[in-house]
Amino acid sequence: MAKILALIAIFFLVSTAVAQTHQRGQQQTQQQVRQQEARQCRIQQLTASQPNQRIESEGGVTELWNEYEDQFQCAGVAPMRDVIQPNSLSLPNFSPSPRLVYIQQGQGLLGLSQPGCAETYHSSQQPGLRREGSQQAGRQSEQRDQHQKVHRIRQGDIVALPAGVAHWCYNDGNEELVAVSVTDLNNNANQLEQKLRSFYLAGGQTQRSSLQGSPRQQQQQRETFQNVFRAFDENLMAEAFNIPVEVVRRMQQEDERGLIVRVRGEEMRMIRPEEEQEYESRRYNGLEETYCNLNIRQYLDNPREADIYSRQAGRINIVNSQKLQILNYMDMSAEKGNLYPNAMHAPHWTMNAHSVFYVTRGDAHVQVVGSNGQTVLDNRVNQGELFVVPQHFVSTIRAGNNGFEYVAFKTSGQPMKSPLVGYTSAFKAMPIQVLANSFQISTQEAQNLKYNREHHTMLLPPRAVRSS
């Protein structure tokens, strides 16, 4: 009898383990299918495109590219451009996907609310908090505001915004702040569908927003930037925050100002960036020693820090997860290219990332060849346009007569390029006999193919310019 009971118990345990293994296998298969469906790239033609949707707010404009274009669906990204007027505030919001931002123009202040990180910075005392007959307001006026670090951002910076972290941006300069960003919708951090969305804690999109596209796309975009705080029960929120219901009602009321609002008076001038803030020394926990103190920005346009430099062709500056540690959590990176007139970016492919190019100045002739051996892009791109080069697609760029500058967003924290030309090229790593037989050329011609550009890297000077 004991043996029978033991056999039954063993059978039950084995059956349970098999069922759990089968269930995990099904879940993994479903996840792989979702990833495969999200990453299918049936690219017949790539185009350099401009934003086709525009959201006008009181303090600026938000412009969006059509995320349903084949090239953006292939890369799993959603590009966006924000223009913030002076003395205006981009309202607090968070996204389920990580986002890289390039500051094309202007300067401002950026704040992130990192969960679990302490408010260890002080700003100047806020004026006007004391009110007659209010002891609580009097106590507030005697205290200094504590908050997390406020970062100074300037033209040329690349800024990392992790998934799920609430952030805001204030333009304290005298010119428009223009920020171009790419959100990686297909990132592992995003467990929702592959769609651009931002959860706003204040403000939100209104029916007066100026949108372009089909009615379905317009409705989808109206649902993209909505206020999530507004739908909660006001009494429940009053109890949660321990504030009067009247305050909650004002916080939840319909706000026609949009996503970017003008700041009244000089109220925001009391907030000081990191270089001016007073830091409160305190005991750290492990989280604060690692994640909370990570830098979120890096200047991407410093000629002295160029990763690739050619005196006749230009330079490339790269920021990856080795230079900006927070990118280890986001698996994204970026590069800034500056090509001199008529210089070339050597033919190459990126082995482990899609590349999203945004033209910041000048123009260039771009060619991209897909896996079917067909040219999917063979056209001139101009300032303000954006195009995608999918992973493993081979591309090359020739700058125009006035030069060419771009910023490329990558869907990997450590992207790897494989060039066809230069001292690190695929051809240079092959024996001459392999090249000669592959292309049916002479040994001398194969030697020229292999070594004629051996003193160059990714950037090639015009043919009339000799190598230094």
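Note that the structure is predicted; figures quoted are calculated from it, not measured. (Residues numbered from 1 in each chain as written. Predicted model: local features only at pLDDT ≥ 70, side-chain atom pairs only at ≥ 80, totals over all residues. Heavy atoms only, no water.)

Some remarks on the overall build of the protein
Rules: Starting at the N terminus, helices and strands are each numbered in turn, a helix being any DSSP run of H or I of at least four residues and a strand any DSSP run of E of at least two. Burial classification: accessible surface area is computed with a 1.4 Å probe over protein chains only, and a residue below 20% of its type maximum counts as buried, one above 50% as exposed, and the rest as partly exposed. Whether two residues touch is decided by their heavy atoms; if any such pair falls within 4.5 Å, the residues are in contact. The Shrake-Rupley method, run with a 1.4 Å probe sphere, supplies the accessible areas, and residue values consider only the shown protein chains as cover.
In terms of regular secondary structure, the protein is built from 10 helices and 27 strands. Scored against the burial criterion, the 468 residues of the protein give a buried share of 49%. In the protein, the share of contacts with a sequence separation of at least 24, taken over all contacts with a separation of at least 6, comes to 77%. Only carbon and sulfur atoms are counted for the fraction: they give 47% of the accessible area of the protein, which is about 24700 Å².

Brief notes about the state of the cysteines
Structurally, a disulfide amounts to a covalent bond that connects the sulfur atoms of two cysteines. Stated formally: For the purposes of this analysis, a disulfide is any pair of cysteine sulfur atoms at a distance within 2.5 Å.
What the rule picks out here adds up to two disulfides. Linked covalently through their sulfurs, cysteine 41 and cysteine 74 form a disulfide whose S-S length is 1.9 Å. Disulfide cysteine 41-cysteine 74: the torsion about the S-S bond is 90°, which places it as right-handed. With a gap of 33 residues between them, cysteine 41 in the loop between α1 (2-38) and β1 (53-57) and cysteine 74 in helix α2 (residues 70-75) connect regions that are remote in the sequence. Linked covalently through their sulfurs, cysteine 117 and cysteine 292 form a disulfide whose S-S length is 1.9 Å.

Some words on the pattern of salt bridges
Defined as follows: Definition used for salt bridges: Asp or Glu carboxyl oxygen within 4 Å of a side-chain nitrogen of Lys or Arg.
Applying the stated rule across the entire model yields 14 salt bridges. With a closest N to O distance of 2.9 Å, arginine 152 and aspartate 172 form a salt bridge. In this pair, arginine 152 is assigned in strand β9 (residues 150-154) and aspartate 172 in the loop between β11 (166-171) and β12 (177-184), connecting sequence segments 20 residues apart. Across the pair arginine 197 and glutamate 193 runs a salt bridge, and its minimum N-O distance is 2.5 Å.

Things to note about the packing of helix α5 (residues 234-241) against helix α6 (residues 245-252)
Note the following rule: Axis angles are defined between N-to-C directions and span 0 to 180 degrees, where every axis is a line fitted to C-alpha atoms and, for a helix, only to the segment in contact. Each crossing gets its hand from how the near helix is turned against the far one by less than a right angle, where anticlockwise is left-handed and clockwise is right-handed. Residue polarity is assigned by list, with Asp, Glu, Lys and Arg as charged and Ala, Val, Leu, Ile, Met, Phe, Trp, Tyr, Cys and Pro as nonpolar; anything else, Gly included, falls into the polar class.
Direction vectors running N to C along α5 and α6 enclose 115°, while the axes themselves pass 9 Å from each other. The way α5 lies across α6 gives a crossing that is right-handed. For the pair formed by α5 and α6, the contact residues are Glu234, Asn235, Met237 and Ala238 on the first element and Val245, Val248, Arg249 and Gln252 on the second. Residues of the contact of α5 with α6, tallied by class, amount to four nonpolar, two polar and two charged.

Considering the environment of glycine 108
Relative to the helices and strands, glycine 108 is located in strand β6 (residues 107-113). The spatial distance from the C-alpha of glycine 108 to the C-alpha of histidine 151 is 8.4 Å, given a sequence separation of 43 residues. Filtering out sequence-adjacent residues up to four positions away, glycine 108 remains in contact with His151, Arg152, Ile153, Tyr170, Asn171, Asp172 and Leu177.

Re the sheet that holds β12
Operational definition: Paired strands, as defined in this entry, are two strands with at least two bridges between them according to DSSP.
With respect to topology, seven strands assemble into an open sheet ordered β1-β2-β3-β12-β5-β10-β17, the strand pairing being antiparallel. Every other strand in the sheet has two partners, leaving β1 and β17 (297-299) as the edge strands with one partner each. Strand-to-strand, the axes of this sheet are offset by a mean angle of 20°, without reference to chain direction. Here eight bridges tie strand β3 (residues 77-84) to β12, and the two strands are oriented antiparallel to one another. Within β12, the residue paired with arginine 81 across the bridge is valine 180.

Some details on the side chain of asparagine 190
In plain terms, the rule: Polar contacts, as counted here, are pairs of nitrogen or oxygen atoms within 3.5 Å of one another; within protein the pair requires one atom able to donate a hydrogen and one able to accept it, and residues that are adjacent in sequence qualify only if both atoms are side-chain atoms.
Position of asparagine 190 relative to the elements: it lies in the loop between β12 and β13 (198-200). From its side chain, asparagine 190 meets the backbone oxygen of leucine 185 in a polar contact 2.9 Å long. At 3.0 Å, the side chain of asparagine 190 and the backbone nitrogen of leucine 192 are in polar contact.

Examining empty space enclosed by the protein
Put simply, the rule reads: Of the two site types, the cavity is a set of points on a 1 Å grid over the protein atoms alone where a 1.4 Å probe fits but cannot get out, and the pocket is an open set with protein on both sides within 12 Å along at least five of seven lines, each lined by residues with an atom within 4 Å of a point. Grid points are joined across faces, edges and corners, and a volume is the space filled by probe spheres set on the points.
Applying the stated criterion across every chain, the model contains three cavities of 30 Å³ or more. Size it by volume and the largest cavity reaches roughly 290 Å³. Around the largest cavity sit 24 residues that line it, and Asp82, Ser90, Arg99, Leu161 and His167 are the ones nearest its centre. Residue assignment for the lining of the largest cavity shows that the elements contributing at least two residues are β3, β4 (88-94), β5 (99-105), β10 (157-161), β11, β12 and β13. Looking at the lining of the largest cavity residue by residue, the class counts come to 16 nonpolar, six polar and two charged.

Structural notes on the pairing of strand β2 (residues 60-64)
Of all five residues in β2, five are buried, a share of seventy percent or more. Burial of the side chains of β2 extends over both faces: Gly60, Thr62 and Leu64 are buried on one face and Val61 and Glu63 on the other. Sheet topology note: the β1/β2 ladder contains five bridges and is antiparallel. Of the residues in β2, the one forming a bridge with glutamate 56 is valine 61. Hairpin connection of β1 to β2: two residues between the antiparallel strands.

Observations regarding the nonpolar core
Note the following rule: In this text, buried Ala, Val, Leu, Ile, Met, Phe, Trp, Tyr and Cys residues form a nonpolar core when linked through side-chain atoms within 4.5 Å. Domain limits in this description derive from either an automatic procedure or a database domain assignment.
One finds Leu100, Leu110, Ile158, Val159, Phe225 and Phe409 to be the most contacted residues of the largest nonpolar core, which totals 57 residues. Inspection of this core shows a minimum of three residues originating in each of domain 1 (53-119 + 146-276) and domain 2 (302-417). Residues Ile308, Leu339, Leu377 and Tyr406 belong to the second largest nonpolar core, which totals 26 residues.

A look at the packing of aromatic side chains
What counts, and what does not: Centres within 6.5 Å make a pair out of two Phe, Tyr or Trp rings, where for Trp the six-membered ring is used; the pair is then stacked when the planes are under 30 degrees apart, edge-to-face when over 60, and tilted otherwise.
Within the structure shown, the criterion is met by eight aromatic pairs. Taken together, a centroid distance of 5.1 Å and an interplanar angle of 10° make the contact between phenylalanine 94 and phenylalanine 199 stacked. One end of the pair, phenylalanine 94, is in strand β4; the other, phenylalanine 199, is in strand β13, with 105 residues separating them in the sequence. Feature note: the residues Phe357, Phe387, Phe404 and Tyr406 constitute an aromatic cluster, connected by ring pairs.

In short, the description is geometric, and any link to function would need to be established separately.
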